[in-house]
Amino acid sequence: MVNKQPQRIKSITEFHQVRGLTKPEHPLISVINYSDIIIHSPDQPVTNWILDFYSISIKRTSNAKMKYGQQDYDFDEGVMFFMAPGQVFSVSVDPNSTIQHTGWMLLIHPDFLWNTSLAKKIKQYEYFDYSVHEALFLSDKEETVLGNIIQNIEQEYHSNIDKFSQDIIISQIETLLNYSERYYQRQFITRKITNHKTLDSLETLLTEYFNEEDLISKGLPTVQYIADTLNISPSYLTGLLKVLTGQSTQQHIHEKLIEKAKEKLSTTQLSVSEIAYELGFEHPQSFSKLFKNKTNLSPLEFRQSFN
């Protein structure tokens with residue numbers, strides 16, 4: 001029977017209880033070995049979760065899949081993924097198969113970060129908004145580096161807590177996040193075939209969009225629309241594009257828009273207002289302002305210089 005309503009887990013202590021683990025040594029931070037987790041009962045092959053805390057994991061699991069929305073991901077290979085508080089995900093298990101877990105999970109309650117520099121900075125790590133199929137694939141060397149940091153965190157909160165403990169753990173968490181950022185940048189570069197296919201798809205999508213006749217009713221494409229059409233999370237798409245091209249998704253949209261505007265200004269007799277409306281702008285002033293910002297010329301100045 002499928003559990004359709006997500007189960008909200010409000011604390012790390014509650015998570016330990018639900019997953020058959022002993023009480024955490026610290027209520028706001030915990031390192032869990034996946035091999036210690038008890039799988040939910042076979043009559044509930046799918047469990048939906050909402051966690052009120054951060055989760056960072058490296059997981060290898062046979063016969064189990066993680067789902068974000070409609071996207072499934074098989075964790076046989078072992079990948080790293082990140083979840084911020086309040087995100088919905090589900091785990092599905094084949095009840096007729098033997099489940100084997102390896103890897104670790106770091107749970108961090110937002111209260112642990114309170115009044116530290118990381119409280120705000122952690123929101124700047126965009127990979128917490130990536131989908132599961134955009135998970136981080138690690139080399140053995142990279143996994144060892146991160147594993148050593150996790151051991152340091154675990155050792156610190158297992159020791160006698162003193163006034164230095166939180167600062168030391170926060171520093172280790174920030175180091176873990178910075179290494180993860182580095183490894184994601186590496187992944188954007190090394191997975192060239194997949195990433196360049198994404199670039200090609202983006203170029204085709206924008207060309208077709210701006211060639212349509214009903215832009216007046218549709219308006220300009222949004223970053224969310226582009227990401228949804230390409231089946232990529234907006235933050236992952238922007239991160240990928242910045243590494244490969246130096247431009248964000250919004251900048252790519254504007255670039256294609258200006259390209260189309262130049263074509264209309266140089267090959268038609270349409271007025272600037274008419275071109276603005278055809279390109280999906282409600283107000284011609286907004287179009288003229290964007291055009292000048294991108295080209296250092298007003299639309300009329302461009303037309304005159306071209307002629």
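Each remark here, short or long, concerns the structure printed above.
These figures come from a predicted structure and were not determined experimentally. (Residues numbered from 1 in each chain as written. Predicted model: local features only at pLDDT ≥ 70, side-chain atom pairs only at ≥ 80, totals over all residues. Heavy atoms only, no water.)

Here we take up the environment of Tyr34. Along the chain, Tyr34 falls in the loop between strand S2 (29-33) and strand S3 (46-51). The exposure class of Tyr34 is buried, given its relative accessible area of 3%. Linking Tyr34 and Trp104, residues 70 residues apart in sequence, is a C-alpha distance of 5.4 Å. (Helix = DSSP H or I, 4+ residues; strand = E, 2+ residues; numbered from the N terminus. Buried < 20%, exposed > 50% of the residue type's maximum accessible area, 1.4 Å probe, protein only.)

This next bit is on the pattern of salt bridges. Within this structure, the stated rule accounts for eight salt bridges. Two residues, Lys256 and Glu203, come together in a salt bridge whose shortest N-O distance is 2.5 Å. On the criterion of sequence distance, the pair formed by Lys256 in helix H10 (residues 249-267) and Glu203 in helix H6 (residues 192-211) is long-range, its members being 53 residues apart. By relative accessible area, Lys256 is classed as buried at 7%. Here Lys264 makes a salt bridge to Glu278, at a shortest N to O gap of 2.8 Å. Here the residue Lys264 occupies a position in helix H10, and Glu278 occupies one in helix H11 (residues 272-278), the gap between them amounting to 14 residues. For Lys264, a relative accessible area of 14% gives the class buried. In this structure Glu278 comes out as partly exposed when scored by relative accessible area, which is 31%. Here the residues in one salt-bridge network are Glu203, Lys256 and Glu259, joined through shared partners. (Salt bridge = Lys/Arg side-chain N within 4 Å of Asp/Glu carboxyl O.)

Along its 19 residues, helix H4 (residues 140-158) runs 26 Å from first to last C-alpha, staying within 8% of the 27 Å computed at 1.5 Å per residue. The complete set of buried residues in H4 reads Glu142, Leu146, Gly147, Ile149, Ile150, Ile153, Glu156 and Tyr157. (Expected span 1.5 Å × (residues − 1).)

Keep in mind that these numbers describe shape and distance, not what the molecule does.
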